[in-house]
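Listed below are the residues making up each chain.
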Amino acid sequence: QSGHSAPTMTTPTSTSSTPFHDALHTTYITTLGDKLDSPTSYEGAVTEHLRVSGVYWSLAAISLLRSPEEVDALMGLTRPLIRPSESGTPKESRPAIVDWVFDCYDPRTGGFGGNCSQRQHPQRLARQPPT
């Protein structure tokens, strides 16, 4: 866990008042990357080519729940993510997301692959605005 906890919010609807478990959503989003990065993760292996998309959707979701500063601290957007190691001492668990995304850049096509060392997918080419 990241040590950040937020109060549980309630979101009233026209038919009922269902609690929104803000802290649970935040914990799920912030720990998903660790689960997928695990060398023994089947899910991580079969979704490796979708990492850029997963990062996009994770950041979009957490940005609805937290301030930009909190997103950076929780997800490591502009600086490396520091987590406790097994011995309890802090260590870098992954580079900053911005740095990683630029590592996915393919200068031959001018686009981004789904992960580092991958070519840009043709569907991503169709979504890019003309230059």
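See the structure shown above.
Rules used in this analysis
Residues numbered from 1 in each chain as written. Predicted model: local features only at pLDDT ≥ 70, side-chain atom pairs only at ≥ 80, totals over all residues. Heavy atoms only, no water. Phe/Tyr/Trp six-rings, centres within 6.5 Å; stacked < 30°, edge-to-face > 60°. Buried < 20%, exposed > 50% of the residue type's maximum accessible area, 1.4 Å probe, protein only. Helix = DSSP H or I, 4+ residues; strand = E, 2+ residues; numbered from the N terminus. Core = buried A, V, L, I, M, F, W, Y, C linked by side-chain atoms within 4.5 Å. Contact = heavy atoms within 4.5 Å.

1. Some thoughts on the packing of aromatic side chains
Inference 1: A complete count under the given rule lists three aromatic pairs for this structure.
Inference 2: With a centroid separation of 4.9 Å and 85 degrees between ring planes, the pair formed by Tyr-56 and Trp-57 is classed as edge-to-face. Taken as a pair, Tyr-56 and Trp-57 share a single burial class, namely exposed.
Inference 3: Centroid distance Phe-102 to Phe-112: 6.0 Å. Interplanar angle 65 degrees. Geometry classified as edge-to-face. Of this pair, Phe-102 sits in helix H5 (residues 97-103) while Phe-112 is found in strand E6 (residues 111-112), placing the two residues ten residues apart along the sequence.
Inference 4: Classification of Phe-102 as exposed rests on a relative accessible area of 56%.
Inference 5: On the basis of relative accessible area, Phe-112 is assigned to the partly exposed category, the value being 26%.
Inference 6: A connected cluster of aromatic rings, assembled from ring pairs, spans Phe-102, Tyr-105 and Phe-112.

2. What about the nonpolar core?
Inference 1: Core analysis: the largest hydrophobic core is formed by eight residues, namely Ile-29, Leu-59, Ile-62, Leu-65, Val-71, Leu-74, Met-75 and Ile-97.
Inference 2: Every element with two or more residues in this core is listed here: helix H3 (51-65) and helix H4 (68-75).
Inference 3: Those residues in contact with Leu-59, other than ones at most four positions away along the chain, are Val-71, Met-75, Leu-77 and Ile-97.

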